[in-house]
Amino acid sequence: MIDLRSDTATQPTAGMRAAIAAAVVGDEQKREDPTVNELEARAATLLGQEEAIFLPTATMANQIALRLHTELGDELLGEENSHVFISELGGPAIHSGVITRGLPGAAGRFSVEQVRAAYRAPLIHSPRTRVVWVENTHNASGGRIWPLEEIDELRNLCDELGLRFHLDGARLLNAAIGSGEDAATIGRRFDTVTLCLSKGLGCPLGALLAGSAEVMTNARRLKHLFGGAMRQAGIVAAAGVYALDRHIERLADDHARAKQLALGLAEAGLAVDPDRVETNFVQLDVAPLSKEEAIRVLVEHGVALSATIHPSVLRAVTHLDVGDADIEGALEAIPRALGARVRA
Ligand SMILES: Cc1ncc(COP(=O)(O)O)c(C=O)c1O
């Protein structure tokens, strides 16, 4: 099976497993795990922030960030299909007592005008607009990248209105490699930044939350509260250090393969827009087939894609475990499976 469902599917490489086996570890809760400490220091620099904390998942990083920035009844603004709104189980309401306002997006992005219009001026009866949330790359829109100029405009508006600015950069390194910007250049524009290790970077698990030293002191307390404080976590942090050394630049290969796949599928007459492929996601419209039917037929032909939130759109995601032969195989199997059954 050519598995293109998600970049979370990667298996640790032999080198990564060796790094895990050799990890020097200690009690992470006491800040005595040298491998965790090293990963946190490396990640802070990478993300353009003073400090970073190691966490099991990006969901936890996002939820801790939101809790850091808000009080009960505050309001979060973000693109309506952001992961935090559609795939974190109402976490903002549960963990932080925050209400959410989804802004309609284009390619996962919203504008300063939309934020200005949604912002509630302080009134005795209004919830307090508190956080602006950017997801880069944006998952539901197909791995799209936020231009730095638009991030700057939002940063300025947040400063003007006294709002906190969070980056869900689960795939920030895809955005950095895809845009040619330094990850730190993007990351330093935000108050807090989430980075996931278990997607394109190929680690079995792990995420980082970065911010100022002051904010991260509070974040470490919340890490305990949320149950994310670990012990000999260097066992997994070692995979993170390994990935930061070896798996960042190679994301360009994933992006090139995604582009190749999109171009080939478009050439075969399928409904794919290669111009929308900016990183490692390809979106394929399978109308009039249902997503479920298309997935079933594709699996019969040896290719696994996954459903998106859009009514008739599937996605293919490239990653560390997808090589040139997989792309060639997918380019042969997908048109054969779907062929005349879908609209061009
Ligand atoms: C944009 C984005 N943020 C956060 C997450 C959550 O990551 P995790 O599975 O590590 O909690 C995901 C997972 O797909 C994601 O795509």
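None of the values given here were measured: they were computed from a predicted structure.

**Overview of a negative patch on the surface**
So, point 1. Negative charge collects at one region of the surface, where Glu-113, Glu-149, Glu-153, Glu-181 and Asp-182 lie side by side.
So, point 2. Secondary-structure assignment places Glu-149 in helix α7 (residues 148–161).

**Examining the site of the ligand**
So, point 1. The environment of the ligand is made up of 13 residues, and the closest members are Thr-59, Asn-139, Asp-168, Arg-171 and Lys-199.
So, point 2. Arg-171 places a side-chain nitrogen or oxygen 2.8 Å from an oxygen atom of the ligand.
So, point 3. Considered on its own, the ligand offers 390 Å² of accessible surface; in the complex 84% of this is hidden by protein.

**Describing the environment of Pro-311**
So, point 1. In this fold, Pro-311 is placed in the loop between β11 (306–307) and β12 (313–317).
So, point 2. Judged by relative accessible area, Pro-311 falls into the exposed class, the value being 75%.
So, point 3. C-alpha of Pro-311 to C-alpha of Gly-180: the two residues are 131 residues apart in sequence and 32 Å apart in space.

**Quick word on the nonpolar core**
So, point 1. Residues Phe-54, Val-115 and Leu-172 are the most contacted members of the largest nonpolar core, which totals 53 residues.
So, point 2. Looking at this core, the element that brings in the most residues is helix α11 (residues 234–246), giving 7 residues.
So, point 3. Each residue touching Leu-172, except ones within four places of it in the same chain, is listed here: Leu-47, Asn-136, Thr-137, Leu-167, Ala-183, Ile-186, Val-193 and Leu-195.
So, point 4. The next biggest cluster of nonpolar side chains, apart from the first, holds 28 residues, and it includes Leu-4, Ala-258, Val-303 and Ile-334.

Rules of the game
Residues numbered from 1 in each chain as written. Predicted model: local features only at pLDDT ≥ 70, side-chain atom pairs only at ≥ 80, totals over all residues. Heavy atoms only, no water. Patch = residues over 30% accessible without salt bridge, like charges linked within 9 Å, V, L, I, M, F, W, Y side chains within 5 Å. Areas by Shrake-Rupley, 256 points an atom, 1.4 Å probe, with all protein chains shown as cover. Salt bridge = Lys/Arg side-chain N within 4 Å of Asp/Glu carboxyl O. Lys, Arg positive; Asp, Glu negative; His and termini not counted. Charge placed at Lys NZ, Arg CZ, Asp CG, Glu CD. Helix = DSSP H or I, 4+ residues; strand = E, 2+ residues; numbered from the N terminus. Near = heavy atom within 4 Å. Polar contact = N/O pair within 3.5 Å; in protein donor to acceptor, adjacent residues only side chain to side chain. Buried < 20%, exposed > 50% of the residue type's maximum accessible area, 1.4 Å probe, protein only. Core = buried A, V, L, I, M, F, W, Y, C linked by side-chain atoms within 4.5 Å. Contact = heavy atoms within 4.5 Å.

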